[in-house]
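Summary of structural features
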Amino acid sequence: MKIKVLYFAALREALGSPGETVNLPADVTTLAGVRALIASRGGDWDKLAQMKNLRAAVNQRMAEPDAAVADGDEVAFFPPVTGG
């Protein structure tokens, strides 16, 4: 299964990447699983696991960690944004 993953705001800067295509193992079927898989790379990628209040969307709709992820989906991760 292949999905497109996008990173936004400070997360994009921290990872040095706007996004990527990720091949998911058969046992990764949820948004939480995608997050854990990417964070397991270690280094800067661990920020995905450490970031509190990290928001996510599947196919441009806000999603909870237990949301299903299917082949061809677009997953986006972004930290909470503050403004002034």
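Everything here concerns the structure above.
These remarks concern the structure in this document.

Observations concerning the pattern of salt bridges
- Here the structure, examined in full by the defined rule, presents 2 salt bridges.
- Close ionic contact of Arg41 with Glu20 constitutes a salt bridge, the shortest N to O distance being 2.9 Å. In this pair, Arg41 is assigned in the loop between helix H2 (31–39) and helix H3 (47–50) and Glu20 in strand S2 (residues 19–23), connecting sequence segments 21 residues apart.
- The partly exposed category is assigned to Arg41, whose relative accessible area is 40%.
- Glu20 sits in the partly exposed class, given a relative accessible area of 21%.
- Note that Asp44 and Lys47 form a salt bridge whose closest N and O atoms lie 3.5 Å from each other.

Some words on the nonpolar core
- Among the nonpolar cores identified, the biggest contains 20 residues, and Val34 and Phe77 are the most heavily contacted of them.
- Breaking this core down by element, the ones donating at least two residues are strand S1 (2–7), helix H1 (9–15), H2, strand S3 (55–58) and strand S5 (74–78).
- Tallying contributions element by element places H2 first for this core, with 4 residues.

A look at the sheet that holds S5
- Sheet architecture is open: 5 strands sit in the order S2-S1-S5-S3-S4, paired in mixed fashion. The open sheet terminates on both sides in strands that have one partner only, identified here as S2 and strand S4 (61–62).
- Judged from the 2 bridges that link them, S3 and S4 form a sheet pairing that is antiparallel. When the sheet's bridge partners are listed, Val58 is paired in S4 with Arg61.

Quick word on the side chain of Asp73
- Within the element layout of this structure, Asp73 appears in the loop between S4 and S5.
- Lacking a salt bridge, the buried Asp73 has Arg61 as its closest oppositely charged neighbour, with an N-O distance of 10 Å.
- With residues up to four places along the chain from it excluded, the contact list for Asp73 reads Lys2, Ile3, Lys4, Val58, Asn59 and Ala68.

About the cut-offs
Residues numbered from 1 in each chain as written. Predicted model: local features only at pLDDT ≥ 70, side-chain atom pairs only at ≥ 80, totals over all residues. Heavy atoms only, no water. Salt bridge = Lys/Arg side-chain N within 4 Å of Asp/Glu carboxyl O. Helix = DSSP H or I, 4+ residues; strand = E, 2+ residues; numbered from the N terminus. Buried < 20%, exposed > 50% of the residue type's maximum accessible area, 1.4 Å probe, protein only. Core = buried A, V, L, I, M, F, W, Y, C linked by side-chain atoms within 4.5 Å. Pairing = 2+ DSSP bridges. Lys, Arg positive; Asp, Glu negative; His and termini not counted. Contact = heavy atoms within 4.5 Å.

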